[in-house]
Amino acid sequence: MSKARACRVLGLNRSTLDYEGKVQDDTALRERMLALAAKHRRYGSPRLHWYLRREGLVKNHKRTERIYALLGLQLKNRKKKKMGSVLRFPRPKATAPNEVWSMDFVSDRIESGRRIRCFNLVDDFTKECPGILVEYSISGSRITRFLDGLGVLPKRLRCDNGPEFQSKALLEWAYLRGVEVEFIEPGKPIQNAFIESFNGRFRDECLNDHAFMSLDHARFIIEKWRKEYNEERPHSGIGMKTPKQFAREMQAMLPA
């Protein structure tokens, strides 16, 4: 049967019968959408579509919505409690020293019964602990002074949604120094697994093994343990090397 006769029988237009679908390459559109979503974390599909259409990457909003859903960029409704800017897609893992540091708090008590807080840091790549701050109470501004005193800073700081990490003092400090603060999703400590593992070792090998007579005594014992952890304790995650040894080897492999 000829195409003309088929069109008359089926009641179709000749252009409809001759139409052949084309496979679209969405690679550039996907990459640009991910970049825009990372920059504008609370923009939904309509606003992202506006940017993409302005740049000539897309015309129909249905295509934007389809790729938006495939990338899993749908926004979650905000809860009443203010949370940090949680990333909507996984960030790359650390591939070099001082690229990503994880931070968290651990609490304990001295013999008088007064509570002390320990602010812990760990390098995700080398597993090294850059420092532990020990105080009765620790504010966001105290954290910034402590970080400035370390002499080196990471590119990203990963943390939970605690009030100290969302404080104006810490966020302004991070902005001025070009350090990105990366918040994990609420209720998902597994996203901050490196510091959670470090906290477990810290409590088991240091806090639970010593009685602290005073704040200064706690600082002395904890700092002694931190140096032992970095320089003497083999770590299974880096081939049973010490974090200090592994960090030196990695630094030697990096370009000057």
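It should be noted that the structure appears before, not after, this text.
Anyway, here's the lowdown on the structure attached to this text. (Residues numbered from 1 in each chain as written. Predicted model: local features only at pLDDT ≥ 70, side-chain atom pairs only at ≥ 80, totals over all residues. Heavy atoms only, no water.)

Some thoughts on the overall build of the protein chain
Assigned secondary structure in the protein chain consists of 10 helices and five strands. Of all 256 residues assigned to the protein chain, the portion counted as buried reaches 41%. When the accessible surface of the protein chain is split by element, carbon and sulfur atoms take 52% of a total near 15700 Å². (Helix = DSSP H or I, 4+ residues; strand = E, 2+ residues; numbered from the N terminus. Buried < 20%, exposed > 50% of the residue type's maximum accessible area, 1.4 Å probe, protein only. Areas by Shrake-Rupley, 256 points an atom, 1.4 Å probe, with all protein chains shown as cover.)

Digging into the side chain of Asn161
Tracing the backbone shows Asn161 in the loop between strand E4 (156–159) and helix H7 (168–177). In this structure Asn161 comes out as buried when scored by relative accessible area, which is 11%. Here Ile184 takes part through its backbone oxygen, which lies 2.9 Å from a polar atom of the side chain of Asn161. (Polar contact = N/O pair within 3.5 Å; in protein donor to acceptor, adjacent residues only side chain to side chain.)

Examining the environment of Glu196
Following the sequence through the fold, Glu196 ends up in helix H8 (residues 193–205). Of the residues examined, Glu196 reaches a relative accessible area of 35% and is grouped as partly exposed. Along the backbone, Glu196 and Ser102 are 94 residues apart, and their C-alpha atoms lie at a distance of 9.1 Å. Excluding residues that lie within four positions of it along the chain, Glu196 makes contacts with Asp104 and Pro189. (Contact = heavy atoms within 4.5 Å.)

Side note on the packing of helix H3 (residues 27–39) against helix H4 (residues 45–54)
It is the contact of H3 with H4, at a shortest axis distance of 10 Å, that shows an interaxial angle of 125°. On the basis of their axis angle, the class for H3 and H4 is oblique. Seen along the crossing, H3 lies across H4 with a hand that is right-handed. On H4, the residues touching Leu29, Arg32, Met33, Leu36 and Ala37 of H3 are Leu48, Tyr51 and Leu52. (Axes fitted to C-alpha atoms, helices over the stretch in contact; angles between N-to-C directions. Parallel < 35°, antiparallel > 145°, perpendicular 65-115°, else oblique. Left-handed = near helix turned anticlockwise from the far one by under 90°.)

Side note on the packing of aromatic side chains
What characterises a pair of aromatic rings is the spacing of the ring centres plus the angle enclosed by the ring planes. Inspection of every chain in the model, using the stated rule, returns 11 aromatic pairs. Arranged with centres 5.2 Å apart and planes meeting at 85°, the rings of Trp50 and Tyr51 form a pair that is edge-to-face. Aromatic pair Phe105 and Phe165: ring centres 5.3 Å apart, planes at 15°, arrangement stacked. Taken together, the residues span a long stretch of sequence, with Phe105 in strand E1 (residues 100–109) and Phe165 in the loop between E4 and H7 at a distance of 60 residues. The exposure class of Phe105 is buried, given its relative accessible area of 14%. Phe165 sits in the buried class, given a relative accessible area of 0%. Three or more aromatic residues joined by ring pairs make a cluster, and in this case those are Phe105, Phe119, Phe146 and Phe165. Here the basic side chain of Arg114 rests over the ring of Tyr136, its NZ or CZ set 3.6 Å away from the ring centre. (Phe/Tyr/Trp six-rings, centres within 6.5 Å; stacked < 30°, edge-to-face > 60°. Lys NZ or Arg CZ within 6 Å of the ring centre and 35° of its normal.)

What to know about helix H5 (residues 61–70)
Residues of H5 that are buried: Arg63, Thr64, Ile67 and Tyr68. What you see down the axis of H5 is that its buried residues fit within an arc of 135°, all on one side. For H5, the exposed residues set more than 90 degrees away from the buried face come down to Lys62 and Leu70. Buried positions along H5 lie against H3 and H4. (Arc of directions from axis to C-beta.)

A look at the pattern of salt bridges
In total, this model carries 18 salt bridges according to the counting rule given. For Arg158, the salt bridge identified is with Asp124, shortest N-O distance 2.4 Å. Placement of the pair is Arg158 in strand E4 and Asp124 in the loop between strand E2 (115–123) and strand E3 (132–135), with a sequence separation of 34 residues. Given a relative accessible area of 9%, Arg158 falls into the buried group. In this structure Asp124 comes out as buried when scored by relative accessible area, which is 4%. Across the pair Asp148 and Arg177 runs a salt bridge, and its minimum N-O distance is 2.9 Å. Separated by 29 residues along the polypeptide, Asp148 in helix H6 (residues 140–148) and Arg177 in helix H7 bring together distant segments of the chain. Judged by relative accessible area, which is 38%, Asp148 ranks as partly exposed. Residues participating in the shared-partner salt-bridge network are Asp124, Arg156, Arg158 and Glu182. (Salt bridge = Lys/Arg side-chain N within 4 Å of Asp/Glu carboxyl O.)

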